[in-house]
Amino acid sequence: MSTFYNTIQQKFTNLFGQATTILHAPGRINIIGEHTDYNNGYVLPAPVDKKLSFAFAKNELNGLVRIHAINLDEYLEFQLEDANPKTKGWLKYIMAITDTFLENDQGFDCVFGGDLPIGSGMSSSSALTCGLAAGLNNLFELNYSPIDLVKRVQDAEAKYTGVRGGIMDQFTIAMGKENQVLLLDCQSLDYQYFPLVLGDYALLLCNTGVQHELANSEYNTRRSECEEGVAILQSKGETIESLRDVSLAMINTYRNHLDPIIFDRCYYVVKENARVLEACKALQNNDMMTLGALLYASHYGLQYEYQVSCPELDFLVKQTEGLPEVLGARMMGGGFGGCTINLVEKKAVNRVIETLSSQYFEHFNKKMEAYKVAIGPGIFQSQ
Ligand code: GLA
């Protein structure tokens, strides 16, 4: 067992006594399929081997929650009935879940922490919400199926953060499997696992260390712009429900009827959905060159058509174009900061990290962190 597991248990014993439920919730990467989930499209994510671990026990304190965050060394307590979306910091995410899943008298104690970097673009916030929800599901025998749990967590996060997020992060964190990527159809929620076999290549994340304020509002704006595109196509008589039902030929037909910005957003999503399916084929055929080219195409779509990138992400992607050891790179996640994901020749990984981090420092005077990706188990595989 990892040392973190021991640290969590030890802390729990010191603070509250005996823990009755222990579980782990990983972060996630996404190989390709960005901003497609809330458009009923395809995504190709996987859980990482970096995670938050949780220890829980019920308490008899009449609706009091006592919770300790190891990494921040912060202890907080609140009454369940005081849960409020206006709360700041990590407690907001805790309250989102307790408010959604518990009755006001179901008090509990919890200690959590781990090696998943916060705010790195690996969805540490959904690791927190999903881990907590799965723990409470066990502890109070709430009997939600994994998929129902995922959907409820997605709604809880939207209610508390005001961001109308898709289902990719929660689904991956809950349902992912070690060494496998997940092809998820966000319309039907059908999913398929693919072994991640990259041959001489590896995935590397480069963290810009940037988190832009506008990420949340721009996220909702993008979602509305896509909905506007769908509404216009519907008004022209097309029987579609979402951008998932739109082909490249259809969107091109209406180019002159759509505001150029709306066209670009929809065009990107239609193309990105196709790229996810192509990426699956490339993975199955061990065709790393094609996979790499798809990553670049995705990035340039996100940069110019969907416009959710930022100078730091663009810089890190652009720099890799001069490096023959890198087959592809793109921004990952919601955008406006966070990480790039790179397909890099295994034996060159350390050299690429050195090159990119020194170029990044020279240009932005900021440190770039890098993480070598391994695919770990999702919550329900590791329980
Ligand atoms: C965030 C959201 C996801 C997804 C990505 C973009 O991570 O939580 O639902 O929309 O952005 O692909």
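Predicted, not measured: the structure shown is a model, and the values here were computed from it.

## A word on the domain arrangement of the protein chain
Many analyses report the size of an interface as the accessible area lost when the parts associate.
Phase 1: The domain boundaries assigned to the protein chain delineate domain 1 (3–195) and domain 2 (201–372).
Phase 2: On a C-alpha basis, the centres of domain 1 and domain 2 stand 26 Å from each other.
Phase 3: Contact residues are listed per partner, giving 33 residues for domain 1 and 43 residues for domain 2.
Phase 4: Summing both partners gives a buried area of about 3,200 Å² for domain 1 against domain 2, and 60% of it is carried by carbon and sulfur.

## Here we look at helix H8 (residues 260–284)
Phase 1: With 25 residues, H8 should cover 36 Å at 1.5 Å per step; its first-to-last C-alpha distance of 36 Å lies within 8% of that length.
Phase 2: Looking at where H8 begins, the residue whose side-chain oxygen comes 2.8 Å from the main-chain nitrogen of Ile261 is Asp259.
Phase 3: Where H8 terminates, the next one or two residues include Asn286, which has phi positive at roughly 55°.

## Considering the site of the ligand
Phase 1: Residues in close proximity to the ligand include Arg28, Glu34, His35, Asp37, Tyr38, Gly166, Met168, Asp169, Tyr219, Gly333 and Gly334, which together make up its full environment.
Phase 2: The contact in question runs from an oxygen atom of the ligand to an N or O atom on the side chain of Asp37, over 2.5 Å.
Phase 3: Summarising the interface, the protein chains cover 88% of the accessible area of the ligand, which totals 300 Å² for the free molecule.
Phase 4: The residue makeup of the shell around the ligand, split by class, is three nonpolar, four polar and four charged.
Phase 5: Both domains that meet at the shell around the ligand, namely domain 1 (3–195) and domain 2 (201–372), each give it at least three residues.

## Digging into the environment of Lys92
Phase 1: With respect to the secondary-structure elements, Lys92 resides in helix H2 (residues 91–101).
Phase 2: When the C-alpha positions of Lys92 and Phe108 are compared, they lie 17 Å apart, and in sequence the two are 16 residues distant.
Phase 3: Filtering out sequence-adjacent residues up to four positions away, Lys92 remains in contact with Pro85, Lys86, Thr87, Tyr160 and Thr161.
Phase 4: Here Pro85 takes part through its backbone oxygen, which lies 2.5 Å from a polar atom of the side chain of Lys92.

## A few points about the state of the cysteines
Phase 1: For the structure on display, the rule yields zero disulfides.
Phase 2: Between Cys186, a free cysteine, and Cys280, which holds the nearest cysteine sulfur, the sulfur-to-sulfur gap is 12 Å.
Phase 3: A disulfide-free cysteine, Cys226 has its sulfur positioned 5.5 Å from the sulfur of Cys266, the nearest such atom.
Phase 4: Of the residues examined, Cys226 reaches a relative accessible area of 0% and is grouped as buried.

## Brief notes about the nonpolar core
Phase 1: Core analysis: the biggest nonpolar cluster contains 71 residues, and Ile29, Leu44 and Phe108 have the highest contact counts within it.
Phase 2: Residues Val230, Leu243, Met250 and Tyr267 belong to the second largest nonpolar core, which totals 27 residues.

## Digging into the packing of aromatic side chains
Phase 1: Scanning the entire structure with this criterion turns up 16 aromatic pairs.
Phase 2: Between Phe315 and Tyr360 the ring centres are 6.4 Å apart and the planes differ by 50°, which places this aromatic pair in the tilted class. With a gap of 45 residues between them, Phe315 in helix H10 (residues 311–320) and Tyr360 in helix H11 (residues 349–364) connect regions that are remote in the sequence. Comparing Phe315 with Tyr360 shows no difference in burial state: the two are buried.
Phase 3: Taken together, the ring pairs connect Phe54, Phe56, Trp90, Phe108 and Phe112 into an aromatic cluster.
Phase 4: The residue whose ring lies beneath Arg152 is Phe101, and the NZ or CZ to ring-centre distance is 5.3 Å.

The rules we used
- Residues numbered from 1 in each chain as written.
- Predicted model: local features only at pLDDT ≥ 70, side-chain atom pairs only at ≥ 80, totals over all residues.
- Heavy atoms only, no water.
- Domains from an automatic or database assignment.
- Contact = heavy atoms within 4.5 Å.
- Buried area = accessible area lost by both parts, 1.4 Å probe.
- Helix = DSSP H or I, 4+ residues; strand = E, 2+ residues; numbered from the N terminus.
- Expected span 1.5 Å × (residues − 1).
- Polar contact = N/O pair within 3.5 Å; in protein donor to acceptor, adjacent residues only side chain to side chain.
- Near = heavy atom within 4 Å.
- Areas by Shrake-Rupley, 256 points an atom, 1.4 Å probe, with all protein chains shown as cover.
- Nonpolar A, V, L, I, M, F, W, Y, C, P; charged D, E, K, R; others polar.
- Disulfide = S-S within 2.5 Å.
- Buried < 20%, exposed > 50% of the residue type's maximum accessible area, 1.4 Å probe, protein only.
- Core = buried A, V, L, I, M, F, W, Y, C linked by side-chain atoms within 4.5 Å.
- Phe/Tyr/Trp six-rings, centres within 6.5 Å; stacked < 30°, edge-to-face > 60°.
- Lys NZ or Arg CZ within 6 Å of the ring centre and 35° of its normal.

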